[in-house]
Amino acid sequence: MKIGLPDIVAGNIEFVTPLLNNRIALFADYSKFNVNEEDAEVKVNYIEGGLNIYFNTKGRGLYASVSLSNLKVDGKYTNVETRDGTTYDGSATGDVEIKTTNLKLGVKLGKKFYFRIEAGYGFGDIPQEIEVTGTVTSGGMSTTETDYVEIPDIPGISESGMIVANIGLGFSF
């Protein structure tokens, strides 16, 4: 199990291969959760997969990691207003998908029960706005319109990537 950014809480599986004297490991992380607020219902899915390259043998100690990740956020909003001032009556939907290539350094301590910490950067094209589609009612007429909502500034995220960091606990066998 990992806790961190951007996966919040994720399940993790790692397989240490016999390659290079047990120094190459394949891993995958998966996270899925929902956030429900007054005017929004947001579903978040995160998946990451890649390689950990350990500097010590037996899949322990200091390692470098390279991986690909996909963060998908699907939102359903009520009473949303776009940057152009369009107000959606009823509901509107907006989705964001962020794909990154992650480079991290980490350390895994312990044998049967382990603790790990890792940090790095995910390189990718991070969208700065969300396309929102919904129903607008004006003068008794309803039409479907598409507009854009700016994503607020979030520390650690820029147009070219985002900070990736987490801590993890687990059992190895």
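Remember, predicted model here, so these are calculated numbers, not experimental data.

The rules we used
- Residues numbered from 1 in each chain as written.
- Predicted model: local features only at pLDDT ≥ 70, side-chain atom pairs only at ≥ 80, totals over all residues.
- Heavy atoms only, no water.
- Phe/Tyr/Trp six-rings, centres within 6.5 Å; stacked < 30°, edge-to-face > 60°.
- Buried < 20%, exposed > 50% of the residue type's maximum accessible area, 1.4 Å probe, protein only.
- Helix = DSSP H or I, 4+ residues; strand = E, 2+ residues; numbered from the N terminus.
- Pairing = 2+ DSSP bridges.

Novice: In this structure, what is going on with the packing of aromatic side chains? I would like to understand it.
Specialist: For any pair of aromatic rings, geometry is given as the distance between the ring centres together with the angle between the planes. In total, this model carries three aromatic pairs according to the counting rule given. Aromatic side chains tyrosine 54 and tyrosine 63 sit 5.0 Å apart centroid to centroid with 50° between the ring planes, which places their arrangement in the tilted category. Per residue, the accessibility class of tyrosine 54 equals that of tyrosine 63, and both read buried. Plain terms: the ring middles of tyrosine 121 and phenylalanine 123 are 5.0 Å apart, the flat faces sit at 70° to each other, and that makes the pair edge-to-face. A residue is classified by how much of its surface remains accessible, and tyrosine 121, at 25% relative accessible area, is partly exposed.

Novice: What is the right way to read the pairing of strand β1 (residues 2–5) from this model?
Specialist: The side chains of a regular strand alternate, residue by residue, between the two faces of the sheet. Residues Lys2 and Gly4 of β1 are buried on one face, while the alternating residues Ile3 and Leu5, pointing to the opposite face, are not. By the bridge criterion, three bridges tie β1 to strand β2 (residues 8–16) in an arrangement that is antiparallel. When the sheet's bridge partners are listed, lysine 2 is paired in β2 with alanine 10. Hairpin geometry of β1 and β2 is characterised by an intervening segment of two residues between the two adjacent antiparallel strands. Where β1 lies against strand β11 (residues 161–171), four bridges are found, and the strand directions are antiparallel. Opposite glycine 4, over in β11, you have asparagine 166 as the bridge partner.

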